[in-house]
Amino acid sequence: MCLCCVGAGPQHSRHLSSCVAAPRYCWREAKMSADLCWQIIRGNHSHLLKKRNVKKPFSTEPNNLKNVNSARYNGLCKKKVIGIEPAPGGKGIVLSFKTAKYQNKPAKNMVKTTIKAGPRRALNSIRRFIRYNHYRKDLKMASLRRASAIFRSQRAQPFRKARRRTHKVAKKTTE
Amino acid sequence: MATTCARPLVGVHVDGAVSGVSVSLPAVFRAPIRPDVVNFVHDQMAKNTRQPYAVNKDAGHQTSAESWGTGRAVARIPRVRGGGTHRSGQGAFGNMCRGGRMFAPTKTWRRWHRRIGVNQKRYAMCSAIAATSSPALVMSKGHMIQEIPEIPLVVSDKVQEMTKTKEAVLMLKKHRAWTDILKVYKSKRFRAGKGKMRNRRRIQRTGPLVIYNKDQGLTRAFRNIPGVDTICVEKLNLLKLAPGGHVGRFCIWTESAFRKLDSLYGTWRKESRKKKNYNLPMPKMTNTDLARILKSDEIQLAIRAPNKTVIRRKIKKNPLSNRHALLHLNPFARVEKKAAILEEKKRIEAKKAIETKKAAAKK
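Residues numbered from 1 in each chain as written. Chains lettered and ligands numbered in written order. Predicted model: local features only at pLDDT ≥ 70, side-chain atom pairs only at ≥ 80, totals over all residues. Heavy atoms only, no water.

The name recorded for chain B in an unreviewed UniProt entry is Large ribosomal subunit protein uL4 C-terminal domain-containing protein, from Cherax quadricarinatus. Its UniProt record gives chain B a comment under Sequence similarities (unreviewed entry), which states: "Belongs to the universal ribosomal protein uL4 family." (UniProt positions renumbered as here; feature names shortened; annotations may be inferred.)

See below:
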């Protein structure tokens, strides 16, 4: 039995019969997996940010919801990835995600949709996108929080009157 | 229907669009990726271009100094003989002396170069090539490949005939590789440190590596574009494919170079034609997709059900002050307490009765 066919599923069964003598390395299935990629990257990559007195390193790659260097939140390794960024106009957010197809075609792989609606609708649509597509539901809270933070920053700032500092003159006591 | 392993097809790109031609992916790209091997071999290889440095062998010894011995109220270090000059009587020869020889003077016969086994070199090479086919690894190295049509990027052989830099730039722009070069432009800066005075003044990022089969002008077209390196398939260099010892450089292959890889490195079924008795390295783990393995039937049937009960820390409540805790321990306490309450009530009423009687008797 072909060593690589563990966990391959029914469509691989035809291959099983033709794969003659084990151990023969069948490299169709031997793609770059997310786990292998993470093991290579986790110690050192161009987006890694380590600073003094900071235990857990940060990571600046684009589709990382928490900007944290971890296997779960990494925006490069995984097959399914979510990114939430502020929309260029200053209002709304851009939700980007990786499609299941075209994993080796970076231009077609990422889909970006702008959500211009208000915060409630936007958060809802993100939540639904994740839930009904079963798309990385471990990222649900992180993506909602990130979107909330972006919306909070886009809110109109309350008007603050410019304060002038006046000197307090000492009262002279009259006799 | 092919019964052999189907190889994924890689489209050849012309002028930024996919031409009809596709090449099946050479087996090298599925070789095991071993960043540790690549790093080691890169370290060793990088030592091979070193030029020796050493201190002059006579330095610090061109004196006839001798120690004055004891009894002269000075340290016993050898001192320069004679008189009439500042130098006379000064310490000499020691590494602590001014004008003395250094500790362990550097020699030219230091072992500057390293030999690396051929198989190890080839293993590192295969790993490095395999890593260039993973968009995640190439992006992690920092290359701007977000807009590129495909990885590995294979380009038509027309590129090999380019002679003008203008054509080369246009080709890179059409294939969306120009953003990587813009990054190189932005990264041009002066080196920090003494290297500035040692003819290593300027530094910049590395950009894409163009790999060709036959140079019909290509090297001259690309040589003035910052960050771009060009290399022939037959002479692939690990120092160029994994700069810094890190895998995942952005590579642009010409079609004939791409096609040559199978004969250069072999496929597992067939040996390499160009390297005697060489075949691709065998991986330690054929299927590295951990998630898939864990979900597979073979493993799911063997493991037990997950234990999802969460046992939380229980705070102990004091039965002397908490009624429910007391009742949990001693259910009869309810009866006792009730009896006590009734008893107390009775006594209060009895007392009241006595007092009213007393008050009435007084009147």
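What follows continues from the structure just given.
(A) A look at a nonpolar patch on the surface. The grouping of Leu49, Val54 and Phe58 of chain A at the surface amounts to a nonpolar patch, some 230 Å² of accessible area in total. In this structure, Phe58 of chain A sits in strand S2 (residues 58–59). (Patch = residues over 30% accessible without salt bridge, like charges linked within 9 Å, V, L, I, M, F, W, Y side chains within 5 Å. Areas by Shrake-Rupley, 256 points an atom, 1.4 Å probe, with all protein chains shown as cover. Salt bridge = Lys/Arg side-chain N within 4 Å of Asp/Glu carboxyl O. Helix = DSSP H or I, 4+ residues; strand = E, 2+ residues; numbered from the N terminus.)

(B) Seen up close, the sheet that holds strand S4 (residues 93–98) of chain A. All names here are of chain A. A sheet is described by the order of its strands in space; here three strands give the open sequence S3-S4-S5, paired in antiparallel fashion. Because the sheet does not close on itself, it has two edges, and the strands there are strand S3 (82–86) and strand S5 (110–115). In this sheet, adjacent strand axes meet at a mean angle of 20° when their direction is disregarded. Inspection of the sheet shows S3 paired to S4 by five bridges, in the antiparallel sense. Bridge pairing links Ile84 to Leu95 in S4. (Pairing = 2+ DSSP bridges. Axes fitted to C-alpha atoms, helices over the stretch in contact; angles between N-to-C directions.)

(C) Layout of the environment of Ala359 of chain B. By the element assignment, Ala359 of chain B lies in helix H12 (residues 332–362). Residues Ala359 of chain B and Leu301 of chain B, 58 residues apart in the sequence, show an inter-C-alpha distance of 89 Å.

(D) Region of interest: the packing of aromatic side chains. What the rule picks out here adds up to eight aromatic pairs over all chains. Taking 5.8 Å as the distance between ring centres and 75° as the angle between the ring planes, the aromatic pair formed by Phe97 of chain A and Tyr135 of chain A counts as edge-to-face. Separated by 38 residues along the polypeptide, Phe97 of chain A in strand S4 and Tyr135 of chain A in the loop between helix H4 (119–132) and helix H5 (140–154) bring together distant segments of the chain. The exposure classification of Phe97 of chain A matches that of Tyr135 of chain A, with both residues buried. With a centroid separation of 6.5 Å and 55° between ring planes, the pair formed by Trp178 of chain B and Tyr185 of chain B is classed as tilted. Judged by relative accessible area, which is 16%, Trp178 of chain B ranks as buried. According to the relative accessible area criterion, Tyr185 of chain B is partly exposed, its value standing at 42%. When the ring centre of Tyr102 of chain A is taken as reference, the NZ or CZ atom of Lys108 of chain A above it lies at 4.5 Å. Directly above the aromatic system of Phe190 of chain B lies the positively charged group of Arg201 of chain B, at a separation of 4.9 Å from the ring centroid. (Phe/Tyr/Trp six-rings, centres within 6.5 Å; stacked < 30°, edge-to-face > 60°. Buried < 20%, exposed > 50% of the residue type's maximum accessible area, 1.4 Å probe, protein only. Lys NZ or Arg CZ within 6 Å of the ring centre and 35° of its normal.)

(E) Representation of the UniProt feature "domain: Large ribosomal subunit protein uL4 C-terminal" (unreviewed entry) in chain B within the structure. In the numbering used here, UniProt assigns the feature "domain: Large ribosomal subunit protein uL4 C-terminal" (unreviewed entry) to residues 276–348 of chain B. Structurally, residues 276–348 of chain B comprises 47% helix and 0% strand, and the distance from its first C-alpha atom to its last is 111 Å.

(F) Layout of a positive patch on the surface. Together, Lys188, Lys194, Lys196, Arg198, Arg200, Arg201 and Arg202 of chain B line one region of the surface with positive charge. Counting through the fold element by element, Arg198 of chain B comes out in the loop between strand S6 (189–190) and strand S7 (202–203). (Lys, Arg positive; Asp, Glu negative; His and termini not counted. Charge placed at Lys NZ, Arg CZ, Asp CG, Glu CD.)

(G) Fine view of the confidence of the model for chain A. Residues and elements named next belong to chain A. When pLDDT is averaged across chain A, the result is 84; 78% of the residues are at 70 or more. Note that residues 1–5 has pLDDT below 50 and, in this model, 17 contacts with residues that lie over four places away or in other chains. For the stretch residues 11–23, pLDDT sits under 50, and the model shows 18 contacts to residues farther than four places along the chain or on other chains. (pLDDT = per-residue confidence, 0-100. Contact = heavy atoms within 4.5 Å.)

(H) Looking closely at the sheet that holds strand S1 (residues 9–14) of chain B. All names here are of chain B. Spatially, S2-S1-S5-S10-S8-S9 is the arrangement adopted by the six strands of the open sheet, whose pairing is mixed. The sheet is open, and its two edges are formed by strand S2 (17–24) and strand S9 (229–232), each paired on a single side. The sheet shows a mean angle of 35° between the axes of neighbouring strands, taken without regard to direction. Across the sheet, helix H8 (residues 255–265) touches S1, S2, strand S5 (153–155), strand S8 (209–212) and strand S10 (251–254), and the angle it forms with S10 is around 90°.

(I) A look at unusual backbone geometry. All names here are of chain B. Pro152 follows Ile151 through a cis peptide bond whose omega is 0°. Notably, Arg176 is not glycine yet its phi reads approximately 60°, a positive angle. The exposure class assigned to Arg176 is partly exposed, which follows from its relative accessible area of 45%. The backbone of Asn199 sits at a positive phi, close to 65°, despite the residue not being glycine. Looking at where Asn199 falls in the secondary structure, it is placed in the loop between S6 and S7. On the basis of relative accessibility, which here comes to 78%, the residue Asn199 falls in the exposed class.

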